[in-house]
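# Overview (structure and organization)
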Amino acid sequence: MTPLILLADEKKSAAVTDWSARIGWLVGLALFVALVYWLMREGWKWRGTLQGDLPELPSAPDDPGAVRLTMSGRYHGSTTAGQWLDRIVARGLGSRSRVELTLTDAGLEVVRPGATDFFIPAGALREALLGKGIAGKVLTEGGLLVVTWQHGDKLIDSGFRSDQAAEHTEWVGAINSMIKTTSTEGAER
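What comes next concerns the included structure. All of these numbers come straight from a predicted model, not from anything done at the bench.

## Side note on the packing of aromatic side chains
If you walk through the whole model with that rule in mind, you get 3 aromatic pairs. Relative to Phe118, the ring of Tyr75 lies with its centre 6.2 Å away and its plane at 75°, an arrangement referred to as edge-to-face. Of this pair, Tyr75 sits in strand 1 (residues 67-80) while Phe118 sits in strand 5 (residues 118-121), and the two are 43 residues apart along the sequence. Here the two residues Tyr75 and Phe118 agree in accessibility, since each one is buried. Where Tyr75 meets Phe160, the ring centres are 5.6 Å apart and the plane angle is 50°; that geometry is what we call tilted. On the criterion of sequence distance, the pair formed by Tyr75 in strand 1 and Phe160 in strand 10 (residues 154-162) is long-range, its members being 85 residues apart. Note on Phe160: relative accessible area 0%, which makes it buried. Here a set of aromatic residues connected by ring pairs shows up, and it is made of Tyr75, Phe118, Trp149 and Phe160. Against the face of Trp19 rests Arg22, its NZ or CZ located 5.8 Å from the ring centre.

## Things to note about the side chain of His151
Relative to the assigned elements, His151 resides in strand 9 (residues 144-151). When near neighbours in sequence (up to four residues on either side) are disregarded, His151 contacts Leu54, Pro55, Glu56, Leu57, Pro58 and Ile156.

## Description of unusual backbone geometry
Phi is positive for Arg91, which is not a glycine, with a value near 60°. Take Arg91: its relative accessible area is 33%, and that puts it in the partly exposed class.

## Comments concerning the pattern of salt bridges
Two side chains carrying opposite charge are able to pair once their charged atoms lie near each other. Overall, the coordinates contain 6 salt bridges when judged by the stated rule. The residue Asp105 makes a salt bridge to Arg68 at a minimum N-O spacing of 3.0 Å. With a gap of 37 residues between them, Asp105 in the loop between strand 3 (97-104) and strand 4 (107-111) and Arg68 in strand 1 connect regions that are remote in the sequence. On the accessibility criterion, Arg68 (41% relative accessible area) is partly exposed.

Thresholds, definitions, all that
- Residues numbered from 1 in each chain as written.
- Predicted model: local features only at pLDDT ≥ 70, side-chain atom pairs only at ≥ 80, totals over all residues.
- Heavy atoms only, no water.
- Phe/Tyr/Trp six-rings, centres within 6.5 Å; stacked < 30°, edge-to-face > 60°.
- Helix = DSSP H or I, 4+ residues; strand = E, 2+ residues; numbered from the N terminus.
- Buried < 20%, exposed > 50% of the residue type's maximum accessible area, 1.4 Å probe, protein only.
- Lys NZ or Arg CZ within 6 Å of the ring centre and 35° of its normal.
- Contact = heavy atoms within 4.5 Å.
- Salt bridge = Lys/Arg side-chain N within 4 Å of Asp/Glu carboxyl O.

This is how it looks when you write it as structure tokens:
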């Protein structure tokens, strides 16, 4: 019995929490997270400054012509053509948003609630294809409508995803046939 009595006599109280050390670690962690977010924001702004030579985005004409197709979905961003990780952030092209696309005889109207709307004239359209990714968004093969267009002296890829992905094929065909028609008309002149 003696060993049990000895064990009972050696009881110790629970360790007291050192609140100052805990609070210090939490404040340090919060400052570190804030620093990382601030550096990311500064990097985004610096990228916009580097791309400052991008001209103003065109707006839709008063009479865009007959509507060929419409689509609602998401705008996932724009990149330098052929470089799917080189995001363009200047002129609001880096902001993801909902989108309403309208293809007319005059070009492609991109209406983005909460972001800058823009218009891609028919003469600036270069290609449309089904892709699987654009900076920051990767989908299954054919899950993204990628429209290549000329803006100033820069070729740009813009990525769109329809609410009904089956529409993508129809859009690729319509845009590419429109490009062929525009380039044929230009060759005849």
